[in-house]
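Inside the fold
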Protein chains: 6
Amino acid sequence: MLLQHATWIEAEAYLRRSNGIIMPIGSTEQHGPNGLIGTDALCAEVIARGVGEAAQAFVGPTIGVGMAVHHMGFAGSMTLRPSTLIQIIHDYVLSLARHGFRRFFFLNGHGGNIATVNAAFYEIYAAAEGALGQAAVDQPLQCKLVNWWDSPAASVVARELFGDDDGSHATASEVSVTQWAFPDTIKRGVTLDPPRAPAGRFYGPADFRKRYPDGRIGSNPGLATPDKGKRLYDAAVPDITNMYREFVAAE
Amino acid sequence: MLLQHATWIEAEAYLRRSNGIIMPIGSTEQHGPNGLIGTDALCAEVIARGVGEAAQAFVGPTIGVGMAVHHMGFAGSMTLRPSTLIQIIHDYVLSLARHGFRRFFFLNGHGGNIATVNAAFYEIYAAAEGALGQAAVDQPLQCKLVNWWDSPAASVVARELFGDDDGSHATASEVSVTQWAFPDTIKRGVTLDPPRAPAGRFYGPADFRKRYPDGRIGSNPGLATPDKGKRLYDAAVPDITNMYREFVAAE
Amino acid sequence: MLLQHATWIEAEAYLRRSNGIIMPIGSTEQHGPNGLIGTDALCAEVIARGVGEAAQAFVGPTIGVGMAVHHMGFAGSMTLRPSTLIQIIHDYVLSLARHGFRRFFFLNGHGGNIATVNAAFYEIYAAAEGALGQAAVDQPLQCKLVNWWDSPAASVVARELFGDDDGSHATASEVSVTQWAFPDTIKRGVTLDPPRAPAGRFYGPADFRKRYPDGRIGSNPGLATPDKGKRLYDAAVPDITNMYREFVAAE
Amino acid sequence: MLLQHATWIEAEAYLRRSNGIIMPIGSTEQHGPNGLIGTDALCAEVIARGVGEAAQAFVGPTIGVGMAVHHMGFAGSMTLRPSTLIQIIHDYVLSLARHGFRRFFFLNGHGGNIATVNAAFYEIYAAAEGALGQAAVDQPLQCKLVNWWDSPAASVVARELFGDDDGSHATASEVSVTQWAFPDTIKRGVTLDPPRAPAGRFYGPADFRKRYPDGRIGSNPGLATPDKGKRLYDAAVPDITNMYREFVAAE
Amino acid sequence: MLLQHATWIEAEAYLRRSNGIIMPIGSTEQHGPNGLIGTDALCAEVIARGVGEAAQAFVGPTIGVGMAVHHMGFAGSMTLRPSTLIQIIHDYVLSLARHGFRRFFFLNGHGGNIATVNAAFYEIYAAAEGALGQAAVDQPLQCKLVNWWDSPAASVVARELFGDDDGSHATASEVSVTQWAFPDTIKRGVTLDPPRAPAGRFYGPADFRKRYPDGRIGSNPGLATPDKGKRLYDAAVPDITNMYREFVAAE
Amino acid sequence: MLLQHATWIEAEAYLRRSNGIIMPIGSTEQHGPNGLIGTDALCAEVIARGVGEAAQAFVGPTIGVGMAVHHMGFAGSMTLRPSTLIQIIHDYVLSLARHGFRRFFFLNGHGGNIATVNAAFYEIYAAAEGALGQAAVDQPLQCKLVNWWDSPAASVVARELFGDDDGSHATASEVSVTQWAFPDTIKRGVTLDPPRAPAGRFYGPADFRKRYPDGRIGSNPGLATPDKGKRLYDAAVPDITNMYREFVAAE
Ligand code: NI
Ligand code: NI
Ligand code: NI
Ligand code: NI
Ligand code: NI
Ligand code: NI
């Protein structure tokens, strides 16, 4: 149930029964030698659509470029400065709030977004009353960020499928999800050397590139397959649907 | 050829043969009783993909929400403030410029974006040298905005199919393109009254809603069909592909 | 009828009969070998004063520096970043709106301003309600940009006087208007080589300077004379006065 | 010697002999029952032109609207937020610095601008190196604000002419200068009651209006005449010319 | 070893042996009926000073007001908008980086700061090269946030002292630390009803106040004593000193 | 009486008897060979605390880093851009205003802050109504900046103690105050050469360092002693207490 696929009259009708909306947010950044640059946006969007169907909830337009300053050492990576991303989320949420939406469930596909999106929520809480007047006092906005891998069921599946080979960037899990959702984009014949990338910390883009020269952190996405992607998707959607429902229903 | 479907290694290879990229930009806003809220984003994205295939050029992530302040009187419309949109385009272009992209071809689906996107280009030209140093002097950035309806061939088709019934907002043309590209989203049984909406000017969202109570301006999208959408698409893609090629090839 | 030449008591009286105001906006940028750096600001101001007299309307303070990033390759050119110009127009309009002004007719002398000024109008529409409260809902602001050369009568005169030699930057027309209005500033003995400058596109300041080394685009301002300037002025003022009157009178 | 009345070729020549420029800045705000709304801008501009002639120095375009938040309780007053004015001065100075200007002499006509303009200078000093690179290190920018009433000679004349009746806002001095420079704008038959307005402090626009209901502070501009304006002008110009010369000549 | 207690000559000497600095950051916000409004800033500062002594490292000036939008329903709470806090951290870090500091260890006392401070780090990484030029490439900046309660030893002590009564806002731990460090500020005779406050989530300030009417979340700060504060301090300082040393020493 | 040392319940009680607050603001910047980098913040804070005790008024959290762009040529100096400092003061004041504070008495320790803080006040006056609604109209905010050396009694003492040797930066007075308040930080065995530093003007940080190589302007802080600091403190506190009382009591 995409907001973009509805008419304004359908949106008006939807608002009579719900004030919740799912907002997918990802990133457009390198994901190692066989992971798609759009991995994080694609995963967030695909799972958001599943949740939207299951919960009969609107899914807003995907924020496809996120906060990925640290990935800028690799060709094709794009980033917003945190201050820009805050403004985007501010404008998205306050636009929708003007029509009556009140529960904003951001479904995230990129760890680098977490801090900035949470900061943005408070920028919005601080601005809401000035922008919306008494309506924001009577019916306050609530914003929540959930990463798709926060699904307990999906975590169990990932652990079972990949163990420590899942890693923390360009994970075997997320590459599997995109392989299942976009089979035409599977990169064949790519050699990963070493199979499992080194793990650890980093600061800024130059440091990232130096430590992780092919872009992966701690992962072996050579283990990814479409079937595993389907299992992860099938595990994540019901979990996150429940989280969405609880969020919208809570007082 | 979506940037999001490539790996960073493929992006690196692409940059050895081209420094051009197609950037779709649309809007998420009411399009009358039978037009999709995402019409402008969907049209821009669909045509951009066609052009990307034809020109073997990368298509960047779609900017799905645009400058639609004047549509905010209708449920589901979203907008960026112009100042936010300028920052987004700034960040998108300078991110990609850091890797060597130099020709940015924005394929637009929403009239309301034109002024702000053109303003953004000059914000970027003013900032480029500070951000990229000597690289921006040696290889200056070039940004261009093309609306998909700027295609002469598509204009001829639209004229032939709809004449004055095409209108200027929620046009029969754009509704046809989305009906062809997303047949599942066709809204059936919607009555348009009057069949052709009134035309004219407006200032701000309240004024828009008062003058055009169902959201259309001068259009009769009741005439839209998927087949007409295909004809428009088939006309637009080659034209815009040529525009892209000329833009990238020009000195 | 300059706002700056009135007292606040006269302004209060004016607001009892009109809520319209003419806002001249120009630029301070090179205009070729014999055109004044202030050409665009001077033309806008001179014609605005004529319209103000004819319509008995206030003329606000001229915005003398505009968006001229692309002219920065030539000594003496000044520019605002688009984001700065948006803030200025925001502050000008909302200042005046607080007193009851509602129709803002920007009379423009510089093509480079058009996109940014139109973007600014929507920044204002988005901000007006937050800034002015219910007053902005009850009596919405309306902003309009008119270029002085949009006058049909002036276009006919320019065509007749200069034909294709008028050009698109440092035009024979605008140089004529400043020669008539400021005869002391006429630059004599300047050789234009070639007489008519090359025409075409450009991206950013370095590209502009390379393509148009003396700063003109497509024009032969060697044909300018004060008398021709007077004819253009006499043609433009009544036309634009009518545009202003219609704008202010329209519902 | 107005920059706006020069060509870019003349600007280039000027820069071979001087890197200084005079920047007039005023305000557009109420000046009591017989003072012009543009008083501060007009005084700054008139005196700047005199100094420009005397020093053979360029005079840049006048900043006609200043920081006048506290005057917003009176019809016709306009203001920039301080943050907007800082951006304007930033853009003006860095535009000109790009061509080689280095000494920026702001000639001010409005007390309310002083704090913000001085703050802006430091915003510029902080930004200059990022914007101009090594050129800003090798030849640092210098900015200075001088109020026209800082002229010792003009102060003596004002004291002699008006004593305590000069006041601190809508002064007899500044009204005299505009009467001399713009005799057509003299407001006749205006009664000032009381002749000398009360004096004191204020905070924000509502407080200002309450304390000073006709807009004057401590002044009796009923004493203003064009002749007195000429005496003030004749006293101020040589003094400020010397200040300009010293500023430009100093190491 | 406070930076503020050193001379610039001592700072210059320090930079020859270390490029690290400890930056305390807290908040000024309600902490329930017996907790100080400055609890978070005071704890961060006190522990930072201890770490600075132990590590012989500079401690920068405390950021005393943080991101506390959600506490604004209680008298005396102060907050920065996230966008303001990002600018502050940007300016602090880039100021110090100009002198050669490279490792910025933010010692945090307020959970509400975490997201925004981490967002700020990436704003800085994105800006550093533009601000510092090649120096930022050759010696990249590294920023890290550590909460004082991240100390494993302090966590063990807190658990042992308070168990579940420690809570998550206005914790018994942090109240103890301030009681030990500032014994004059101990609030006596305050009744906490119920002794342990309810726990849970919240969105925005109105929601916070409704759920937690006396300002505590899940805590019983009636258990706080100065002695317990000393035990927590004694546990935290060595742990965090080690974290600082590792951060500065790491490649 | 530090706000940070109160509970929110005490803050609520305070607001029933007073709407005034003292806000210390200083700077973290070089103060010559024997002056502390924190001199300006420490002096402002120490004197503010004295005034707070005397007037039984709350003292807010110190703004410890100010506008010190011109000091950035010396190790350890920190600065905010003026635009950042404006945002901080905006957030501080509007946070407190939301609870009912209305009189904001900024006690300043750094000349470089004066312009920016005064600019900030008007940014706040312009924003207050939008942020606080009718409450800002009914009970307008009042902000005032006082430098601690504005105390007439302290000026007399400084003159008597140091005469012309007090200087204008890294003054003997302010060094004395910090020596008295923080005796452990006294720098012994520092040679000042020459004993009294040269005096004069400066523009930007490079110019400052060139003219004043050890960081002092016109001062001989070798004359500073703790006893003299106590005399200055004892003179300043009653004076400034009176200023505060008058400010809060004035209509
Ligand atoms: Ni990922
Ligand atoms: Ni459309
Ligand atoms: Ni022109
Ligand atoms: Ni004045
Ligand atoms: Ni706390
Ligand atoms: Ni000092």
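None of these values were measured; they are calculated from a predicted model.

Quick notes on the overall build of chain A
If you tally the helices and strands in chain A, you get nine helices and three strands. Written out in order from the N terminus, the α and β elements of chain A read α-β-α-α-β-α-α-β-α-α-α-α. A globule of 251 residues ought to have a C-alpha radius of gyration of about 18 Å, and chain A, at 18 Å, matches this closely. Projected onto its principal axes, the C-alpha positions of chain A cover 60 × 35 × 30 Å. Within chain A, the proportion of its 251 residues that are buried is 65%. A sequence separation of at least 24 residues applies to 77% of the contacts in chain A between residues at least 6 apart. Accessible area for chain A stands at about 8,300 Å²; split by element, carbon and sulfur atoms hold 51% of it. Side chains of chain A carry 21 positive and 25 negative charges; the gap between the two charge centres is 3 Å.

Concerning the pairing of strand S2 (residues 103–108) of chain A
Residue and element names in this part refer to chain A. Within S2, six of the six residues are buried, leaving the element largely enclosed by the surrounding structure. Side chains Arg 103, Phe 105 and Leu 107 project from S2 onto one buried face, and the interleaved Phe 104, Phe 106 and Asn 108 project onto a second face that is buried too. In the sheet, strand S1 (residues 20–25) pairs with S2 via six bridges, with the strands oriented parallel. The residue of S2 that forms the bridge with Ile 22 is Phe 105.

Things to note about the coordination of the nickel ion (ligand 4)
All names here are of chain D. Protein-derived ligands of the nickel ion (ligand 4) are His 31 (NE2), Asp 40 (OD), Glu 174 (OE) and Glu 174 (OE), with the metal-ligand distances lying across 1.9 to 2.7 Å. Viewed at the metal, the four donor atoms of the nickel ion (ligand 4) are separated by angles of 51 to 130°, and the geometry they form is irregular. Of note, the donors binding the nickel ion (ligand 4) are all from one chain and are spaced H-x8-D-x133-E. With Asp 40 in helix H2 (residues 39–55) and Glu 174 in helix H7 (residues 172–181), this residue pair connects regions lying 134 residues apart in the sequence. Taken individually, Asp 40 and Glu 174 each receive the classification buried, so the pair is uniform in this respect.

Some thoughts on the relation of the copies chain B and chain A
With an RMSD of 0.0 Å, chain B superimposes on chain A once it is rotated by 180° and translated 0.0 Å along the axis. Here the transformation between the copies is reduced to the relation of a two-fold axis. Closest to the rotation axis within chain B is the C-alpha of Thr 84 of chain B, separated from it by 3.6 Å. Of the residues that chain B buries at the interface, 100% are likewise interface residues in chain A, meaning the two copies contact each other through the same surface.

Regarding the packing of aromatic side chains
This model, assessed by the stated rule, comprises 78 aromatic pairs over all chains. Arranged with centres 5.2 Å apart and planes meeting at 90°, the rings of Tyr 122 of chain B and Tyr 125 of chain B form a pair that is edge-to-face. With Tyr 122 of chain B and Tyr 125 of chain B both in helix H4 (residues 114–132), this residue pair falls three residues apart, about one helical turn. Overall, the relative accessible area of 16% leaves Tyr 122 of chain B in the buried class. With a relative accessible area of 11%, Tyr 125 of chain B lands in the buried category. Here the aromatic residues Trp 8 of chain A together with Phe 74, Phe 202, Phe 208 and Tyr 212 of chain B are joined through ring pairs into a cluster of three or more.

Some words on the environment of Val 69 of chain E
Along the chain, Val 69 of chain E falls in the loop between helix H2 (39–55) and helix H3 (82–99). Placed 102 residues apart in sequence, Val 69 of chain E and Thr 171 of chain E show a C-alpha to C-alpha distance of 19 Å. The residues touching Val 69 of chain E, leaving out its near neighbours within four places in the chain, are Tyr 122, Tyr 125 and Ala 126 of chain A together with Thr 79, Leu 80 and Pro 205 of chain E.

Quick notes on unusual backbone geometry
Cis geometry is found at the peptide bond from Asp 193 of chain C to Pro 194 of chain C, where omega equals 0°. Following the sequence through the fold, Pro 194 of chain C ends up in the loop between helix H7 (172–181) and helix H8 (204–211). For Gln 56 of chain F, which is not glycine, the phi dihedral falls at a positive 50°. Mapping Gln 56 of chain F onto the fold places it in the loop between helix H2 (39–55) and helix H3 (82–99).

Details of the coordination of the nickel ion (ligand 5)
All names here are of chain E. The protein atoms that coordinate the nickel ion (ligand 5) are His 31 (NE2), Asp 40 (OD), Glu 174 (OE) and Glu 174 (OE), at distances spanning 1.9 to 2.6 Å. Coordination geometry of the nickel ion (ligand 5): the four donor atoms subtend angles of 52 to 129° at the metal centre, consistent with an arrangement described as irregular. Look at where the donors of the nickel ion (ligand 5) fall in the sequence and you get H-x8-D-x133-E. Of this pair, His 31 sits in the loop between strand S1 (20–25) and H2 while Glu 174 is found in helix H7 (residues 172–181), placing the two residues 143 residues apart along the sequence. His 31 sits in the buried class, given a relative accessible area of 0%.

A look at the pattern of salt bridges
Side chains that differ in charge, positive against negative, can pair when their charged atoms come close. Evaluation of the coordinates by the stated rule reveals 54 salt bridges over all chains. The shortest N-O distance in the salt bridge between Asp 165 of chain B and Arg 196 of chain B comes to 2.7 Å. Residue Asp 165 of chain B is located in the loop between helix H6 (152–162) and helix H7 (172–181), and its partner Arg 196 of chain B is located in the loop between H7 and helix H8 (204–211); the two are separated by 31 residues in the primary sequence. For the salt bridge of Glu 160 of chain F with Arg 231 of chain F, the shortest nitrogen-to-oxygen distance reads 3.2 Å. Linking Glu 160 of chain F in helix H6 (residues 152–162) with Arg 231 of chain F in helix H9 (residues 226–249), this pair joins segments that are 71 residues apart in sequence.

Some remarks on the sheet that holds strand S1 (residues 20–25) of chain F
All names here are of chain F. What the three strands build is an open sheet, ordered S1-S2-S3; its pairing is parallel. Each edge of the open sheet carries a strand with a single partner, namely S1 and strand S3 (142–147). Sheet twist, expressed as the average angle between the axes of neighbouring strands with direction ignored, equals 20°. Taken together, the six bridges between strand S2 (residues 103–108) and S3 define a ladder with parallel strand orientation. Opposite Asn 108, over in S3, you have Asn 147 as the bridge partner.

Section: the nonpolar core
Counting residues in hydrophobic clusters, the biggest one holds 462 residues, and the most contacted among them are Ile 89 of chain B, Ile 89 of chain C, Ile 89 of chain E together with Ile 89 of chain F. Residues within four places of Ile 89 of chain E in sequence aside, it is in contact with Ile 25, Ile 63, Phe 106, Val 117, Ala 120, Phe 121 and Ile 124 of chain E.

Looking at the confidence of the model for chain A
Regions with low pLDDT carry predicted coordinates that are not meant to be interpreted in detail. Per-residue pLDDT for chain A has a mean of 97; in total, 100% of the residues score no lower than 70. Both confidence scores are given for the complex: pTM 0.98, ipTM 0.97.

A look at the sheet that holds strand S2 (residues 103–108) of chain C
Residue and element names in this part refer to chain C. As summarised here, the arrangement of the three strands in space is S1-S2-S3, forming an open sheet in which the pairing is parallel. In the strand order of this sheet, the two ends are held by strand S1 (20–25) and strand S3 (142–147), each with one partner. In this sheet, neighbouring strand axes are inclined to one another by 20° on average, regardless of whether the strands run parallel or antiparallel. Along the sheet, helix H4 (residues 114–132) contacts S1, S2 and S3; its crossing angle with S3, the most-contacted strand, is approximately 175°.

Digging into the interface of chain B and chain A
One widely used convention gives an interface's size as the accessible area the parts lose upon coming together. The partner chain A presents 53 residues to the 52 residues of chain B that form the contact. On the chain B side of the contact with chain A, Gln 4, His 5 and Trp 8 of chain B bury the most area, a combined 18% of that side's loss. Where chain B touches chain A, the interface holds four salt bridges. Those elements that provide at least two residues to the side of chain B that touches chain A are helix H1 (8–17), helix H2 (39–55), helix H3 (82–99) and H8 of chain B. The element that contributes the greatest number of residues to the side of chain B that touches chain A is H3 of chain B, accounting for ten residues. Residues belonging to the side of chain B that touches chain A are distributed by class as follows: 25 nonpolar, 19 polar and eight charged.

Focus: helix H9 (residues 226–249) of chain A
The end-to-end C-alpha separation of H9 of chain A is 34 Å, in line with the 34 Å expected for 24 residues at 1.5 Å each. Those residues of H9 of chain A that sit buried are Gly 229, Leu 232, Tyr 233, Ala 235, Ala 236, Val 237, Asp 239, Ile 240, Thr 241, Tyr 244 and Phe 247 of chain A.

Considering the pairing of S3 of chain C
Of all six residues in S3 of chain C, six are buried; the element is thus mostly enclosed. A two-sided burial pattern is seen for S3 of chain C, the buried positions comprising Gln 142, Lys 144 and Val 146 of chain C on one face and Cys 143, Leu 145 and Asn 147 of chain C on the other.

Points about the environment of Ser 95 of chain B
Note on placement: Ser 95 of chain B falls in helix H3. The spatial distance from the C-alpha of Ser 95 of chain B to the C-alpha of Tyr 203 of chain B is 35 Å, given a sequence separation of 108 residues. Not counting residues up to four positions away in its chain, the partners in contact with Ser 95 of chain B are Met 72, Ser 77, Met 78 and Thr 79 of chain A. A polar atom in the side chain of Ser 95 of chain B sits 2.8 Å from the backbone oxygen of Asp 91 of chain B.

Rules and cut-offs
Residues numbered from 1 in each chain as written. Chains lettered and ligands numbered in written order. Predicted model: local features only at pLDDT ≥ 70, side-chain atom pairs only at ≥ 80, totals over all residues. Heavy atoms only, no water. Helix = DSSP H or I, 4+ residues; strand = E, 2+ residues; numbered from the N terminus. Rg over C-alpha atoms; globule rule 2.2 N^0.38 Å. Buried < 20%, exposed > 50% of the residue type's maximum accessible area, 1.4 Å probe, protein only. Contact = heavy atoms within 4.5 Å. Areas by Shrake-Rupley, 256 points an atom, 1.4 Å probe, with all protein chains shown as cover. Lys, Arg positive; Asp, Glu negative; His and termini not counted. Charge placed at Lys NZ, Arg CZ, Asp CG, Glu CD. Pairing = 2+ DSSP bridges. Donors = N, O, S within 2.8 Å, 3.2 Å for Na, K, Ca; no water. Tetrahedral: all angles 85-135°; square planar, octahedral: opposite > 155°, others 65-115°. Least-squares fit on C-alpha atoms with pLDDT ≥ 70 in both. Phe/Tyr/Trp six-rings, centres within 6.5 Å; stacked < 30°, edge-to-face > 60°. Salt bridge = Lys/Arg side-chain N within 4 Å of Asp/Glu carboxyl O. Axes fitted to C-alpha atoms, helices over the stretch in contact; angles between N-to-C directions. Core = buried A, V, L, I, M, F, W, Y, C linked by side-chain atoms within 4.5 Å. pLDDT = per-residue confidence, 0-100. Buried area = accessible area lost by both parts, 1.4 Å probe. Nonpolar A, V, L, I, M, F, W, Y, C, P; charged D, E, K, R; others polar. Expected span 1.5 Å × (residues − 1). Polar contact = N/O pair within 3.5 Å; in protein donor to acceptor, adjacent residues only side chain to side chain.

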